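Coordinate analysis (summary)
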Amino acid sequence: LDNPWIDIENRYSPNDVVKAKVVRFRQEGVMVELEEGVEGFLHRDEISWTKRIKNPKLFFKDGDIVEISIKSIRMFFTKLLNPLFLFGIISRSLL
């Protein structure tokens, strides 16, 4: 299987607006998938500009499609050795 993170900066850049799928919940936010093997983190403080979100499960459902703005691509590695995107939400859309 090819590594989807190779040349990631050629496909995505900060300030790009993209659609992503909500795939997992964490207390501090949600993990979203941009494409197979490429996930990023949307912190709960970035979910709404007008509301304080304490529990992301009350705002999203598993499988929701959201439109997000890429804040940065951080090339630090998790326990699974995958870099993470960090996002800010633009709009919530259920497709």
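Below is a summary of the structure that appears in this document. (Residues numbered from 1 in each chain as written. Predicted model: local features only at pLDDT ≥ 70, side-chain atom pairs only at ≥ 80, totals over all residues. Heavy atoms only, no water.)

**Description of the nonpolar core**
Generally speaking, nonpolar side chains in soluble globular proteins are found buried as a group. Core analysis: the biggest nonpolar cluster contains 19 residues, and Tyr 12, Val 32, Leu 34, Phe 60, Val 66 and Ile 68 have the highest contact counts within it. With four residues, strand β4 (residues 65-74) is the largest single contributor of residues to this core. (Core = buried A, V, L, I, M, F, W, Y, C linked by side-chain atoms within 4.5 Å. Buried < 20%, exposed > 50% of the residue type's maximum accessible area, 1.4 Å probe, protein only. Helix = DSSP H or I, 4+ residues; strand = E, 2+ residues; numbered from the N terminus.)

**Section: unusual backbone geometry**
Here Asn 15, not a glycine, exhibits a phi torsion of approximately 80°, which is positive. With respect to the helices, strands and loops of the structure, Asn 15 is situated in the loop between α1 (8-11) and β1 (17-26). Judged by its relative accessible area of 62%, Asn 15 falls in the exposed class.

**Observations concerning the packing of aromatic side chains**
Where two aromatic rings form a pair, the distance of their centres and the angle of their planes describe that pair. Scanning the model with the defined rule gives one aromatic pair in all. Plain terms: the ring middles of Phe 59 and Phe 60 are 5.0 Å apart, the flat faces sit at 85° to each other, and that makes the pair edge-to-face. Both residues of the pair, Phe 59 and Phe 60, belong to the buried class. (Phe/Tyr/Trp six-rings, centres within 6.5 Å; stacked < 30°, edge-to-face > 60°.)

**So, the side chain of Asp 64**
Among the structural elements, Asp 64 can be located in the loop between β3 (38-43) and β4. Exposure remark for Asp 64: the relative accessible area of 6% places this residue in the buried category.

**Details of the pairing of β1**
Sheet analysis places β1 next to strand β2 (residues 29-35), joined by five bridges and oriented antiparallel. If you follow Arg 24 over to β2, its bridge partner there is Met 31. Hairpin connection of β1 to β2: two residues between the antiparallel strands. (Pairing = 2+ DSSP bridges.)

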